[in-house]
Amino acid sequence: MFVFIPMLSAFEFSIRTPANDGYGWEHYLWAIREEDFLHYIIRSGWLAALTVVITLVVLVPTMTWLHLSKSTIRPFVDGISLLPLVIPVVAFAVGAQITFPEFVQNTVLELPFLYFVLALPYAYRTLDIGLNSIPLKTLTEAARSAGANWWRTIATVIIPVIKSAVIGTVAITFALSLGEYTLTVLLHWDTFPTWVTYVAQENILGAIAISMMSLIIPFLVLTAVTLVAPDRSTQGRK
Amino acid sequence: MSSKSLTLRNISKRFGNVNALDNFNLEVGVGELVALLGPSGCGKTTALRVVAGLEHQDSGSVLVGDLDISQTPAHKRNMGMVFQAYSLFPNLTVEENVAFGLQMRKVNKSLRLKRAHELLDLVGLDSQSKRFTHELSGGQQQRVALARAIAFEPEILLLDEPLSALDAQVRINLREEIRRLQLSLGTTTLFVTHDQEEAMAISDRVGVMNNGVLEQIDTPDALYNKPASTFVASFVGTMNRIPAHITDGVVEIFGSKLVALKRGNESGKVYALIRPESIFVATTTTQGNAKVLTRSFMGASSNIICQTADGTIIQSLMTSASTGDLHPGSSVQLRVLSSEALVAND
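Residues numbered from 1 in each chain as written. Chains lettered and ligands numbered in written order. Predicted model: local features only at pLDDT ≥ 70, side-chain atom pairs only at ≥ 80, totals over all residues.

Asks: Go over the overall build of chain A with me, naming the residues and quoting the values.
Replies: Each helix and strand in chain A was counted, giving 13 helices and 2 strands. Projected onto its principal axes, the C-alpha coordinates of chain A cover approximately 70 × 55 × 30 Å. Counting all 238 residues of chain A, 29% fall into the buried class. Considering only contacts within chain A whose residues lie at least 6 apart along the sequence, 75% involve residues at least 24 apart. (Helix = DSSP H or I, 4+ residues; strand = E, 2+ residues; numbered from the N terminus. Buried ≥ 20, exposed ≤ 12 C-beta atoms within 10 Å, placed from the backbone. Contact = placed C-beta atoms within 7 Å.)

If you want it as C-alpha cells, here you go:
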C-alpha cells in the first residue's frame, strides 16, 4: 500500500495535461525528445552496470573465502559491511575527495567504487543468505577434486548454485546505483537522477514522467533477466 | 586407466591441540582397495583429505607413483573423490555432473557427453541422464557421484564414507557395485569408513586407525584372526573379555589352557580376549560354569549370551542347529575352542 499508492499517484500526476484538463502521454514524449535524456540514462546505466561488476568480483570470492575458512574475522567483516548504513553520505564524499588520487577524482569512474560501498550492506546480506543456504564446503571440494581451480569453481559452481541470491544482488546494486543522488551531487558529477532534478525546475510533470520511466525500465530489465535465466535445478525435465 | 600406487610418508597434522595424524605411513598398491577404519576422530578422514589436497599436512609427503604431490593443489592431483554428503551440483543435469571433470580438462562436449553416458550405463543410470540431481534417490545420487569421480580416469579414487547416508539394503548393493567397478577399472582406491562390515566386505586390506596412528593394516582375515593389538582386537568384530590367570604365558579359561599371543603380565590377573565363535556352550545336567541369559536366533547362527558365576557376560556364536536346547536360565558348560588367546592387562 505504501509503495503502490504513491507510485500510482505519481503516475496519475505524470499523465495529466493541464492545458485541456485531461490525460495524455505528452510529458513522456517530451522527456524522450529531450536531447540529454538518452545521454544521462546511458551514463547512469553503465555506471550502475560497472558497480554490479565490481560488487560481484569483490564480494563473491571474498565471501566464499569467509564462509569456507571459518575465519574469526567474519563477524568483524559482517560489522564492517553495515557501516555504510550509519556513516553519512557526506562523509563518504569528503573522504573520497581527501583520499582518492587526483586522476581518480578527475573521472566519473570514481562513482562505481563509491556506489559499491553504499550498496554493500544490502549486497553483502543477500549473498550471505545465498551462501548459507547451500552446502558450500562440499560443493567447492567436489569441484576442486574434479579439477576446477578456485575461479572456475566460483564461476561454474558457486554463482550458478546461488543464482537467485546473485540476481537479487544485481537488482539491488543496479537499482541503488541508478538512483543515487546525494553522493553524485556532492562530488559534482551529473548522472540521470541529478539531471532529473535539473529538469524538474522547468517541467515538474516531465520530471515525474522521467522518474516513472527510470522506475519502470530497470524493473522490466530485471524481470526479463530473471525470466531469461530461470533456475534450472528446480525445473525438472522429464 | 592410468592407476598408480599411493604412498603417505610420515604425515603429521594437528588441529589446535588435537593430533589428527601422528607420523602416519601408508602404502596402497596399484589397483588395490585399502580401507581406513577407526572410531570417530581417529584421523582417517584427515588422512584422506591430505591425499586429496583438501587439507595440508604439517609435515611428511604424499606420493602418487614416484611423484611427490605434497605441494600440488587439489585440482591438479587427478584424483576422483566421492563424499559422504551428497555433493552433486544442483544446477547441472546428471550427465553434466558426470562430465564436469572432463569439462574442467577441456575435453570437447561431444566426447565428454559420450563418456558420461558410458559411465552412467556402467552404474545403471543412463536412463536418468537428463534429470536433475534432486529428482534422484540417495543411492542414485551416490552412483552419479561415483560415475563423476571416475569419469576422468583418475590415478587414485578416494571414497569418504560414501555409503553412510544410505539405507541398509542400498548400502550393501552399492558397496558391491563400488567393488565391482573398482576391480574392473583397476583403480587404486582409498576408502574411509567407520563401518567395519563395509570395510571387511570389499577391501583388499584394511587399516585400523586410533588416535592418528595406524594400529594395524592387513587383509580382513588376518585383521580378524590375528589382531596386532588389544585395540584392534576389540574394535574389529566382537570380542569377549574374560578375566583369567596367566602363568608362564599360559592362561586357563573354563578348564582349557591357552597360549597367550600377546603377553601382558607374565603371571597374575589378565583378561583373555576370545571371539564369540570360539566359545562353545554345552547343555549340562550337573552344575555348569554359566547360565544362559538370552538366545537370539539369526537364521543359520544364533547368538547366546551367558553369565558366569563371577558375573562376567560371555557371548557365543553357534550354529542354530546346535542351540535348540539352550533357553534363558539353563545351566550350561562353557568351553573355549581355540588353543591360543590374546591377553590384555586391563
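Asks: How would you sum up the overall build of chain B? Please name residues and give values.
Replies: A count of helices and strands for chain B gives 9 helices and 20 strands. The principal-axis extents of the C-alpha atoms in chain B amount to approximately 80 × 45 × 35 Å. Sorting the 346 residues of chain B into buried and exposed places 45% on the buried side.

Asks: Give a description of the confidence of the model for chain B that names residues and reports values.
Replies: When the pLDDT values of chain B are averaged, the result is 90; 98% of them are 70 or greater. Confidence metrics for the complex model read pTM 0.83 and ipTM 0.83. (pLDDT = per-residue confidence, 0-100.)

Asks: Explain the domain arrangement of chain B to me, and be specific about the residues and the numbers.
Replies: We note that the domain assignment places domain 1 (6–233) and domain 2 (239–344) within chain B. The distance between the C-alpha centroids of domain 1 of chain B and domain 2 of chain B comes to 39 Å. (Domains from an automatic or database assignment.)

Asks: For unusual backbone geometry, give the residues involved together with the corresponding values.
Replies: Phi at Asp21(A) is positive, roughly 60°, even though this residue is not glycine. Mapped onto the elements of the fold, Asp21(A) is located in the loop between β1 (16–17) and β2 (22–23). Accessibility expressed as a C-beta count within 10 Å gives 7 for Asp21(A), which makes it exposed. One non-glycine residue, Asn78(B), lies in the positive phi region at around 55°. For Asn78(B), the position within the fold is in the loop between β5 (67–68) and β6 (79–82).

Asks: I'd love a proper account of the sheet that holds strand β1 (residues 6–15) of chain B, names of residues and values included.
Replies: Hydrogen bonding along the main chain pairs the strands of a sheet, whether they run parallel or antiparallel. Residues and elements named next belong to chain B. On the basis of which strands lie adjacent, the open sheet formed by 4 strands has the order β2-β1-β4-β5 and antiparallel pairing. Strands at the two margins of the open sheet, each flanked by one partner only, are β2 (18–28) and β5. Where β1 meets β2, 7 bridges bridge the pair, whose relative direction is antiparallel. Each bridged residue has a counterpart across the sheet, and for Ile 11 the counterpart in β2 is Phe 24. Taken strand by strand, helix α1 (residues 44–52) contacts β1, β2 and β4 (59–64), and its axis lies near 115° from that of β1. (Pairing = 2+ DSSP bridges. Axes fitted to C-alpha atoms, helices over the stretch in contact; angles between N-to-C directions.)

Asks: Before we move on, can you summarise the interface of chain B and chain A with the specific residues and values?
Replies: Contacts between chain B and chain A engage 23 residues on the former and 20 residues on the latter. For the side of chain B that touches chain A, the secondary structure elements donating two or more residues are β6 and α3 (100–104) of chain B. The leading source of residues in the side of chain B that touches chain A is α3(B), at 3 residues. Residue classes in the side of chain B that touches chain A are distributed as 13 nonpolar, 5 polar and 5 charged. (Nonpolar A, V, L, I, M, F, W, Y, C, P; charged D, E, K, R; others polar.)

Asks: Just give me the short version of the pairing of strand β20 (residues 340–344) of chain B, but keep the residues and values in it.
Replies: All names here are of chain B. Bridge count for strand β13 (residues 256–260) against β20 is 2 bridges, and the pairing is parallel. Residue pairing for β20: Val 259 is matched across the bridge by Glu 340. In this structure, strand β14 (residues 267–274) lies alongside β20, joined through 3 bridges in antiparallel fashion. In the sheet register, Leu 273 faces β20, and the bridge partner there is Leu 342.

Asks: Can you tell me about helix α6 (residues 168–185) of chain B, naming the residues and giving the values?
Replies: Residues and elements named next belong to chain B. If you check α6, its first and last C-alpha atoms are 26 Å apart, about what 18 residues at 1.5 Å a residue would give, namely 26 Å. Every buried residue of α6 is accounted for by Leu 174, Arg 175, Ile 178 and Gln 182. For α6, the buried positions fall inside an angular range of 105° around the axis, keeping them on one side. The exposed residues of α6 that point more than 90 degrees off its buried face are Gln 169, Glu 176, Arg 180 and Ser 184. (Expected span 1.5 Å × (residues − 1). Arc of directions from axis to C-beta.)

Asks: Please give an account of the environment of Ile313(B) that cites residues and values.
Replies: All names here are of chain B. Tracing the backbone shows Ile 313 in strand β18 (residues 313–319). It is 32 Å that separates the C-alpha atoms of Ile 313 and Arg 205, two residues lying 108 residues apart in sequence. Among all residues touching Ile 313, those that are not within four sequence positions of it are Ile 305 and Gln 307.

Asks: Give me the lowdown on the environment of Leu6(B), citing residues and values where you can.
Replies: Among the secondary structure elements, Leu6(B) is positioned in strand β1. Spatially, the C-alpha atom of Leu6(B) lies 22 Å from that of Glu198(B), the residues being 192 residues apart in sequence.

Asks: Quick one: what's the story with the nonpolar core, residue by residue and with numbers?
Replies: One finds Val51(B), Leu158(B), Leu190(B), Val251(B) and Ala272(B) to be the most contacted residues of the largest nonpolar core, which totals 142 residues. A per-element tally of this core places helix α7 (residues 110–132) of chain A first, with 12 residues. Shared between two domains, this core takes at least three residues from each, and those domains are domain 1 (6–233) and domain 2 (239–344) of chain B. Filtering out sequence-adjacent residues up to four positions away, Val51(B) remains in contact with Leu6(B), Leu8(B), Val62(B), Ile156(B), Leu158(B) and Leu190(B). (Core = buried A, V, L, I, M, F, W, Y, C linked by C-beta atoms within 7 Å.)

Asks: Lay out the sheet that holds strand β15 (residues 279–283) of chain B with the relevant residues and their values.
Replies: All names here are of chain B. Judged by pairing direction, the sheet is antiparallel, and its 5 strands sit side by side in the order β15-β19-β16-β17-β18 without closing on themselves. Both edges of this open sheet fall to β15 and β18, since each of them pairs with a single strand only. This sheet shows a mean twist of 40° between the axes of neighbouring strands, independent of strand direction. Pairing geometry for strand β16 (residues 290–297) and strand β19 (residues 331–336), over 2 bridges, is antiparallel.

Asks: Quick one: what's the story with the pairing of β14(B), residue by residue and with numbers?
Replies: Bridge analysis of strand β11 (residues 240–247) of chain B against β14(B) gives 8 bridges, and the strand direction is antiparallel. For Arg241(B), the partnering residue across the bridge sits in β14(B) and is Leu273(B).

Asks: Now, about the packing of helix α3 (residues 35–69) of chain A against helix α9 (residues 150–161) of chain A: what can you tell me, with residues and values included?
Replies: Residues and elements named next belong to chain A. Where α3 meets α9, the axes come as close as 12 Å, and the angle between the chain directions of the two elements is 80°. On the basis of their axis angle, the class for α3 and α9 is roughly perpendicular. For the pair α3 and α9, the contacting residues are Val 60, Pro 61 and Thr 64 in the first and Ile 154, Ile 158 and Ile 159 in the second. Classifying every residue of the contact of α3 with α9 by side-chain character gives 5 nonpolar, 1 polar and no charged. (Parallel < 35°, antiparallel > 145°, perpendicular 65-115°, else oblique.)

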